[in-house]
Amino acid sequence: MGNPDLPTPEPIVSKLIEAARVPLNHGYSVSRGVAKLREAIAARYARKWNVRLDPESEVIVTIGAKEGLAHLVMSILEPGELAVVPQPAYPIHTYSVIIAGGKLLGVSAAEPAGLLDRLEGAFSKERPKLAILSFPNNPTGACVDLNFFEELVALARRFGVFVVHDLAYADIVFDGYRAPSILEVEGAKEIAVELFSLSKSYNMAGWRVAACVGNPAAIAALTRIKSYLDYGVFQPIQLAAVVALDDCGDAAREIAEVYRARRNILVDSLASMGWRAEKPRGGMFVWAPIPERFRASGSLEFSRLLLTHAKVAVSPGIGFGEAGDGYVRFALVEDEQRIRQAARGVKAFLSGAGGGG
Ligand SMILES: Cc1ncc(COP(=O)(O)O)c(C=O)c1O
């Protein structure tokens, strides 16, 4: 799993403890998030992406990006309506559509450049209501630049498609790459929302705090459905999240650096045994094509072999849809020594099984 192994930065934990001692914080919170946190999220978007957000109408706090995305799709997709989700995909991108009773239209996401053409084909032919995308991508590690979003927003406006962009890996970027926000595009707010999460940027996966920002009508719809369903994130967690956003900017950079070093060790070790995988510019995964001679038996069987013989757990690509079946996904959630140890196990297995590659 993409479950960060490192601790949440100390100032965030301290704020949680301090806030948990205040009885006023023990009651129901507000479903859409306390004003301070919505303001801190808007301030982060202004600083990092030069995007202006109204904390009242264009920001809602969610119980992680996953919850926000699932309920958002439920609130805007009518049963039977079409949603485009590039495949392979992070499971809730696909299943939010199915849970909402919508119809899934998969397009191949082999690479971002061709993806725009395929999206245009799907938009013009099928006239879907919704498209759900995510860059840096889980599982593929694909990253895009701002011009991708410019073209996507133009297409979405032309064909009347609403776009949900999941930016869960906003800060987990390497080698000088900067992950753009779709909201940087002029006019994007008219047709798009974005999910921004603290899970990966601050090692806060278990805390369950994120935000959905952008189009006010969609934010209002999500606010409404959530007001029926939940009372928001435990207030001390929201207050600690403000500390993360306001005071811990460097922590996100340091966390990304840890993943970058792990990525290099893993990809270089695989390359040394003839197993080629790309170094992603963002995210916390390595998406590796299954070596040729194991490909026919599929990703589940290959993952089982790796687990049994190399003692290495990977995610079979098929867990992200049929389109992922030629791949396995390594999560960079072990330290450098353990990654080296894992690579040795893989090497011994591959050579024992009859040579590399
Ligand atoms: C693309 C993507 N979106 C969302 C999430 C979950 O984020 P959160 O913890 O904010 O629900 C993940 C976690 O792996 C992810 O990869």
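For the structure, check the block above.
Starting afresh in each chain, residues are numbered from 1 along the sequence in its written order. Owing to the predicted nature of the model, reporting of local features is limited to residues with pLDDT of at least 70; listing and counting of side-chain atom pairs is limited to 80 or more, with chain, interface and lining totals taken over all residues. Water and hydrogen atoms play no part in the side-chain values, which are based on all heavy atoms of the structure.

1. What to know about the pairing of strand β8 (residues 285-289)
Okay, so step 1: Of all 5 residues making up β8, 4 are buried, and the element is well covered by its neighbours.
Okay, so step 2: Pairing of β8 with strand β10 (residues 327-331), which is carried by 5 bridges, proceeds in the antiparallel orientation. Along β10, the bridge assignment pairs tryptophan 287 with arginine 329. Relative accessibility thresholds used throughout: buried, under 20% of the residue-type maximum; exposed, over 50%; partly exposed, between the two (1.4 Å probe, protein chains only). Each helix is a run of H or I in the DSSP string that is no shorter than four residues. Each strand is a run of E no shorter than two, and both are numbered from the N terminus. DSSP bridges decide pairing: two strands pair if at least two such bridges lie between them.

2. Here we look at unusual backbone geometry
Okay, so step 1: Across the junction of glutamine 87 and proline 88, the peptide omega takes the value 0°, indicating a cis bond.
Okay, so step 2: With respect to the secondary-structure elements, proline 88 resides in the loop between β2 (82-87) and α4 (91-99).
Okay, so step 3: With an omega of -5°, the peptide bond between phenylalanine 135 and proline 136 qualifies as cis.
Okay, so step 4: With respect to the helices and strands, the residue proline 136 is situated in the loop between β4 (130-133) and α6 (146-159).
Okay, so step 5: One non-glycine residue, asparagine 50, lies in positive phi territory at about 55°.
Okay, so step 6: Topologically, asparagine 50 is positioned in the loop between α2 (35-49) and β1 (59-62).
Okay, so step 7: Using a relative accessible area of 57% as the deciding quantity, one classes asparagine 50 as exposed.
Okay, so step 8: Not every positive phi belongs to a glycine, and arginine 208 is a case in point at roughly 65°.
Okay, so step 9: Note that arginine 208 resides in the loop between β6 (192-197) and β7 (210-214).

3. Some points on the packing of α2 against helix α8 (residues 235-247)
Okay, so step 1: Between N-to-C directions, angles span 0 to 180 degrees; the directions come from axes that are lines fitted to C-alpha atoms, helices contributing only their stretch in contact. Contact geometry for α2 and α8: axes closest at 9 Å, N-to-C directions at 20°. Between α2 and α8, the angle is such that the two are roughly parallel. Every pair of crossing elements has a handedness; the one defined by α2 and α8 is left-handed. Contacts from Lys36, Leu37, Ala40, Ile41, Arg44 and Arg47 in α2 reach Gln238, Leu239, Ala241, Val242, Ala244, Leu245 and Asp246 in α8.
Okay, so step 2: Nonpolar residues are Ala, Val, Leu, Ile, Met, Phe, Trp, Tyr, Cys and Pro. Charged residues are Asp, Glu, Lys and Arg, and all others, Gly as well, are polar. When grouped by side-chain class, the residues that make up the contact of α2 with α8 number 8 nonpolar, 1 polar and 4 charged. By the definition adopted for this analysis, an angle is roughly parallel if under 35 degrees, roughly antiparallel if over 145, roughly perpendicular if from 65 to 115, and oblique otherwise. A crossing counts as left-handed when the near helix is turned anticlockwise from the far one by less than a right angle, and as right-handed when that turn is clockwise. Every residue pair with non-hydrogen atoms within 4.5 Å of one another is taken to be in contact.

4. Regarding the site of the ligand
Okay, so step 1: The full set close to the ligand counts 13 residues, and Ala65, Asp166, Tyr169, Ser197 and Ser199 are the nearest of them.
Okay, so step 2: Polar contacts, as used here, are pairs of N or O atoms within 3.5 Å; protein pairs need one atom able to donate a hydrogen and one able to accept it. Residues neighboring in sequence count only if both atoms are side-chain atoms. Lysine 66 is positioned with one of its backbone polar atoms (N or O) 3.0 Å from an oxygen atom of the ligand.
Okay, so step 3: Measuring from a nitrogen atom of the ligand, one finds a side-chain N or O atom of aspartate 166 at 2.5 Å.
Okay, so step 4: Protein chains bury 94% of the 400 Å² of accessible surface belonging to the ligand in isolation.
Okay, so step 5: Put simply, the grid is 1 Å and covers the protein atoms alone, a cavity is a trapped set of points that fit a 1.4 Å probe, a pocket is an open set with protein on both sides within 12 Å along at least five of seven lines, and lining residues have an atom within 4 Å of a point. Assignment to a cavity or pocket requires that more than half of a molecule's atoms be within 2 Å of the site's grid points. Taken atom by atom, the bulk of the ligand overlaps the largest pocket.
Okay, so step 6: For the shell around the ligand, the per-class residue count stands at 4 nonpolar, 5 polar and 4 charged. Residues are classed as near a molecule or strand on a simple rule: at least one heavy atom within 4 Å of it. What sets the accessible areas is the Shrake-Rupley method with a 1.4 Å probe; for residues, cover comes only from the shown protein chains.

5. Comments concerning the side chain of glutamate 194
Okay, so step 1: Checked against the element boundaries, glutamate 194 lands in strand β6.
Okay, so step 2: Working convention for charge: Lys and Arg count positive, Asp and Glu count negative, and His plus the chain ends are omitted. Any Lys or Arg side-chain nitrogen located within 4 Å of an Asp or Glu carboxyl oxygen qualifies as a salt bridge. We note that glutamate 194 is buried and unpaired, the nearest opposite charge coming from arginine 178 at a distance of 9.5 Å.
Okay, so step 3: Separated by 2.7 Å, the side chains of glutamate 194 and serine 181 make a polar contact.
Okay, so step 4: Setting aside anything within four residues of it in sequence, one finds glutamate 194 in contact with Tyr45, His165, Leu167, Ser181, Ile182, Leu183, Ala211, Cys212 and Val213.

6. Remarks on the nonpolar core
Okay, so step 1: Grouping buried Ala, Val, Leu, Ile, Met, Phe, Trp, Tyr and Cys residues that are joined through side-chain atoms within 4.5 Å yields what is termed a nonpolar core. Core analysis: the biggest nonpolar cluster contains 67 residues, and Tyr45, Phe123, Leu152, Tyr202 and Val209 have the highest contact counts within it.
Okay, so step 2: Core analysis: the next-biggest nonpolar cluster, separate from the first, contains 34 residues, Ala168, Phe285, Phe294 and Ala310 among them.

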